Structures are given as structure tokens and as C-alpha cells.
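Structural characterization, general
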Amino acid sequence: MPVKKPAKKPSEAKTDAPAKPAKNPDNDGGGGYVEPTTVIVKPADQLVLTEKELEAEHTRVLSAKDPVAPQNIVRYSFREKTYKLDPVAPQ
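Quick caveat: nothing in here was measured; it's all calculated off a predicted structure.

1. Section: the overall build of the protein chain
Assigned secondary structure in the protein chain consists of one helix and two strands. Along the protein chain, from the amino end to the carboxyl end, the secondary structure elements read α-β-β. Counting across all 91 residues of the protein chain, residues that qualify as buried make up 2%. Split by element, the accessible area of the protein chain, about 10,500 Å² in all, is 57% carbon and sulfur.

2. Examining the pairing of strand 1 (residues 74-77)
Alignment of strand 1 against strand 2 (residues 82-85), held across four bridges, turns out to be antiparallel. By the bridge assignment for strand 2, R75 is matched with K84. Following strand 1, the chain reverses through four residues before pairing antiparallel with strand 2; K81 in that reversal takes a positive phi of roughly 55°.

3. Details of the packing of aromatic side chains
Inspection of every chain in the model, using the stated rule, returns two aromatic pairs. Taking 4.9 Å as the distance between ring centres and 80° as the angle between the ring planes, the aromatic pair formed by Y76 and F78 counts as edge-to-face. Here F78 falls in the exposed class, since its relative accessible area comes to 69%. Through successive ring pairs, a cluster of aromatic residues spans Y76, F78 and Y83.

4. Considering the pattern of salt bridges
Within this structure, the stated rule accounts for two salt bridges. Residue R75 is joined to D86 by a salt bridge in which the shortest nitrogen-to-oxygen separation is 2.4 Å. You can see R75 sitting in strand 1 and its partner D86 sitting in the segment after strand 2, a full 11 residues away along the chain. With a shortest N-O distance of 2.6 Å, E80 and K84 are connected by a salt bridge. Classification of E80 as partly exposed rests on a relative accessible area of 45%.

Conventions and cut-offs
- Residues numbered from 1 in each chain as written.
- Predicted model: local features only at pLDDT ≥ 70, side-chain atom pairs only at ≥ 80, totals over all residues.
- Heavy atoms only, no water.
- Helix = DSSP H or I, 4+ residues; strand = E, 2+ residues; numbered from the N terminus.
- Buried < 20%, exposed > 50% of the residue type's maximum accessible area, 1.4 Å probe, protein only.
- Areas by Shrake-Rupley, 256 points an atom, 1.4 Å probe, with all protein chains shown as cover.
- Pairing = 2+ DSSP bridges.
- Phe/Tyr/Trp six-rings, centres within 6.5 Å; stacked < 30°, edge-to-face > 60°.
- Salt bridge = Lys/Arg side-chain N within 4 Å of Asp/Glu carboxyl O.

This is the structure in C-alpha cells:
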């Protein structure tokens, strides 16, 4: 069985971490609220519009109608022994 080497003492162990964390200029050190910073990044391929193009209004109409909802729901009536067309419920 191989002989185990004695473990290093914590004072002898080397670490790459700095002794103290670097000071953040945004941190006031008092534990108070620090306002988050906002960074605006424009894509490289963004179009450059003229003032006239920026002022143009585009109207868009939104509707709550579901295009994939079934329009003809049929259920079997056991009382009348026939199929009945259910009215379309507004969605």
C-alpha cells in the first residue's frame, strides 16, 4: 500500500483568488440601493430611417377570434337519437 503524503496546512496552500474582492464603483458600501445601469445596443444591420419614415403611422387591428377554433361542432343527442349542430360559442 502506498504511503500517504501529509496534507498541506491552510497557510501553505496556494490560491489564485485575490485576498480582498475588488471594489465596485457602483457599490456605495453601505448596503443601500444601487440603481441598475441600462445599456442600449443597436444591431449592426439596423435600418436608418428618415424623420418622415419615423413619423408615419401604421394601423393594426387586433381581434380575439381564434382562426383554428372549430366552427361546426356536432354532438349526438341520445334523447332524439340524432346528431345536433351546437351553436358557436364566442371565444
